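A structural walkthrough
The lines below spell out each chain.
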Amino acid sequence: MKSAYLSHKGNVRELNEDSVYADELADKAFLALVADGMGGYNAGEIASRMAVDEVRQCLPSLDGKGLAEGFRQANQKIFDLAVSKPEYRNMGTTLAGCIIKENMLYAANVGDSRIYLICGKKIRQITVDHSYVQELVDMGHITKDEAAGHPNKNIITRAIGTDRSVEVDTFAYKVKGGDMVILCSDGLSNYLDETELLAVAQKYKKPETCARHMLDAALERGGCDNISVIVLKL
């Protein structure tokens with residue numbers, strides 16, 4: 001596994017409330033996580049960091065069920081802190097993560113941080129956004145293209161830490177050598193669509209070069225949010 005990650009506060013925000021992690025686990029498994037925090041000053045940063053740290057520390061097993069349990073435990077810890085201290089009230093975070101072990105990719109998400117899988121010349125978003133705009137798409141009220149420029153695209157419908165319990169979506173895919181996995185916060189996906197992400201990944205084969213060009217493109221197009229990206233190559 002080759003990996004690289006970058007996180008930037010963007011061109012507008014004073015703080016970077018994103019948190020990222022990517023490293024090898026036991027038995028040659030690999031864990032990657034992206035969290036995009038929200039809340040009052042500093043609270044979003046705390047929520048995203050807690051989510052990443054909690055999943056890393058409490059991961060009970062190296063598969064999708066274990067990953068989802070880590071998400072739920074992170075949710076409980078953040079929620080308990082948010083209700084105990086007024087300055088952290090209503091804080092929360094998105095969270096997208098994956099474990100790659102042998103020829104399997106186990107993924108989970110809450111919120112609108114995304115995971116993409118690139119196989120050859122094809123790219124697919126394997127997570128589903130938990131957002132108001134995605135609900136409009138699912139109901140057929142707007143198209144996917146219309147969703148990209150919708151004024152309410154930043155409204156998420158599910159997050160880690162905002163409620164006592166949380167529903168976690170999980171996915172499992174077979175993968176092979178040469179496949180790439182991209183995890184990112186919406187600070188990247190709001191500026192680069194699937195076609196553009198695929199083009200960058202095909203042009204720049206090394207994860208660190210690929211991640212750098214994706215981040216730079218988002219900054220050049222405005223960079224109005226925090227931007228985080230992890231690139232994994234099997």
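Residues numbered from 1 in each chain as written. Predicted model: local features only at pLDDT ≥ 70, side-chain atom pairs only at ≥ 80, totals over all residues. Heavy atoms only, no water.

1. Here's the deal with the pairing of strand β10 (residues 180–184)
Threshold: Burial here depends on accessible area, computed with a 1.4 Å probe over protein chains only, as a share of the maximum for the residue type. Under 20% is buried, over 50% is exposed, and the range in between is partly exposed. A run of DSSP states H or I qualifies as a helix once it reaches four residues; a run of E qualifies as a strand once it reaches two. Both are numbered from the N-terminal end. Pairing between two strands is assigned when DSSP locates at least 2 bridges connecting them.
For β10, the tally of buried residues reaches 5 of 5 residues, placing the bulk of the element in the interior. Alternating positions in β10 separate into two faces, M180, I182 and C184 on one and V181 and L183 on the other, with burial throughout. Where β10 lies against strand β11 (residues 227–233), 5 bridges are found, and the strand directions are antiparallel. Of the residues in β11, the one forming a bridge with C184 is V229.

2. Details of the nonpolar core
Definition in use: Put simply, a nonpolar core is a bunch of buried Ala, Val, Leu, Ile, Met, Phe, Trp, Tyr and Cys residues held in one set by side-chain atoms that sit within 4.5 Å of each other. Contacts: residue pairs with any heavy atoms within 4.5 Å of one another.
Counting residues in each nonpolar core, the largest one holds 28 residues, and the members touching the most others are L33, V55, L67, F71, M91, L95 and I160. For this core, the elements supplying multiple residues, two or more each, are β3 (30–38), α1 (43–58), α2 (64–84), β5 (95–101) and β6 (104–110). The greatest single-element share of this core, amounting to 7 residues, is contributed by α2. Setting aside residues up to four positions removed in sequence, M91 forms contacts with M38, G39, A43, I46, A47, M50, I78, L81, A82, G161 and T162. Counting 23 residues, the second largest nonpolar core, distinct from the first, contains M180, Y191, M214 and A218.

3. Section: the state of the cysteines
How we decide: Put simply, a disulfide is two cysteine sulfurs that come within 2.5 Å.
One pass over the structure, following the stated rule, counts 0 disulfides. As a non-bridged cysteine, C58 has C98 as the owner of its nearest cysteine sulfur, 16 Å distant. A relative accessible area of 15% places C58 in the buried class. Summary of cysteine pairing: C119 is not part of a disulfide, and the nearest cysteine sulfur, belonging to C98, is at 13 Å. Among the residues examined, C119 registers a relative accessible area of 27% and is labelled partly exposed.

4. Things to note about the sheet that holds β10
Put simply, the rule reads: Lines fitted to C-alpha atoms define the axes here, with helix axes fitted over just the stretch in contact, and angles between the N-to-C directions of these axes take values from 0 to 180 degrees.
Taken in spatial order, the 5 strands of this open sheet run β1-β11-β10-β7-β8, and their pairing is antiparallel. Unpaired on one side and paired on the other, β1 (2–8) and β8 (122–125) mark the two borders of the sheet. For this sheet the average axis-to-axis angle between neighbouring strands, irrespective of direction, equals 15°. Here β1 pairs with β11 via 7 bridges, running antiparallel. Residue L6 lies in a different strand from β11, and its bridge partner there is V229. Across the sheet, helix α6 (residues 194–203) touches β7 (114–119), β8 and β10, and the angle it forms with β8 is around 130°. Contacting β1, β10 and β11, helix α7 (residues 207–220) crosses the sheet at an angle of about 155° to β11.

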